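A look at the structure
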Amino acid sequence: MAVTFYNLGSKSGLKKLDDHLLTRSYISGYQASKDDITIHAALAGAPSSEYINLSRWFNHIDALLRISGVSGDGNGVTVEGFAPATPSLADTKVSFPADEDDDDVDLFGEETEEEKKAAEERAAAIKASGKKKESGKSSVLLDVKPWDDETDMKKLEETVRSVQLEGLLWGASKLVAVGYGIKKLQIMMTIVDDLVSVDNLIEDYLTCEPANEYIQSCDIVAFNKICE
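Below, the structure is looked at part by part. (Residues numbered from 1 in each chain as written. Predicted model: local features only at pLDDT ≥ 70, side-chain atom pairs only at ≥ 80, totals over all residues. Heavy atoms only, no water.)

Burial within strand 5 (residues 137-146) is extensive, with 9 of its 10 residues counted as buried. Across 8 bridges, the pairing between strand 5 and strand 7 (residues 182-192) is antiparallel. Of the residues in strand 7, the one forming a bridge with Leu 141 is Met 188. (Buried < 20%, exposed > 50% of the residue type's maximum accessible area, 1.4 Å probe, protein only. Helix = DSSP H or I, 4+ residues; strand = E, 2+ residues; numbered from the N terminus. Pairing = 2+ DSSP bridges.)

Spelled out as structure tokens, the structure:
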């Protein structure tokens, strides 16, 4: 079923897109695709940090585009009335398929009573927990280097992704040739700053046993704050 986004240039539009990305790493789910490029291009610029999920996604896609890591076909997002040279997006309409078991939803229409009640309950739960603000998040690009050209790079990536920590989300990856038949793994990750230390992640999980059977070393290529 189709989900329709309206008014990407408005606060309500950005809020709905932010909510959409609450349970998704990317526009169409858990894999970077051309859908992300389309929406990234349609936005007027980097969103305010008040849109936590949208800011995380926007900075993540910025980093992916720098390493040409977005290549999937996605679900065919279209932006009606948008061209790269057109700065005004107040009336932009973006349509893309949602999950197969979703009903038709107008995400930018009037809130129903059920939606208002759910929003009030979420706000009450946050207030009751004493949570004052979201922890800062960062987008990190890692270089993971093998021992030699005989290292199984598929096993190496599986070893990296097998590290599961609270506040850690692995993203897109690619193999990059470094010479003499050796390739390194470049991989994106998003971390909650208060929960994950990149230095500890490398020292305690990625370059010690058993991971060091495949991994020789790890280097931080890019480290971008998403929100405070």
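Having seen the model, we can carry on.
Our focus in this paragraph is the pattern of salt bridges. The full count for this structure, using the stated rule, is 5 salt bridges. A salt bridge links Lys 15 to Asp 19; its shortest N-O distance comes to 2.9 Å. Taken as a pair, Lys 15 and Asp 19 lie in helix 1 (residues 11-20) at a separation of 4 residues, close to a single helical turn. Note on Lys 15: relative accessible area 39%, which makes it partly exposed. The salt bridge partner of Asp 193 is Lys 225, with a shortest N-O separation of 2.8 Å. Within this pair, whereas Asp 193 is found in the loop between strand 7 and helix 6 (198-206), its partner Lys 225 is found in strand 8 (residues 215-227), the two being separated by 32 residues in sequence. We classify Lys 225 as partly exposed; its relative accessible area is 46%. (Salt bridge = Lys/Arg side-chain N within 4 Å of Asp/Glu carboxyl O.)

Each regular strand carries side chains that alternate between the two faces of the sheet. As paired strands, strand 6 (residues 168-179) and strand 7 are joined by 9 bridges and run antiparallel to one another. Across the sheet, the residue bridging to Gly 179 is Ile 182, located in strand 7. A loop of 2 residues connects strand 6 with strand 7, the two strands running antiparallel in sequence, and Tyr 180 in this loop sits at a positive phi of about 55°.

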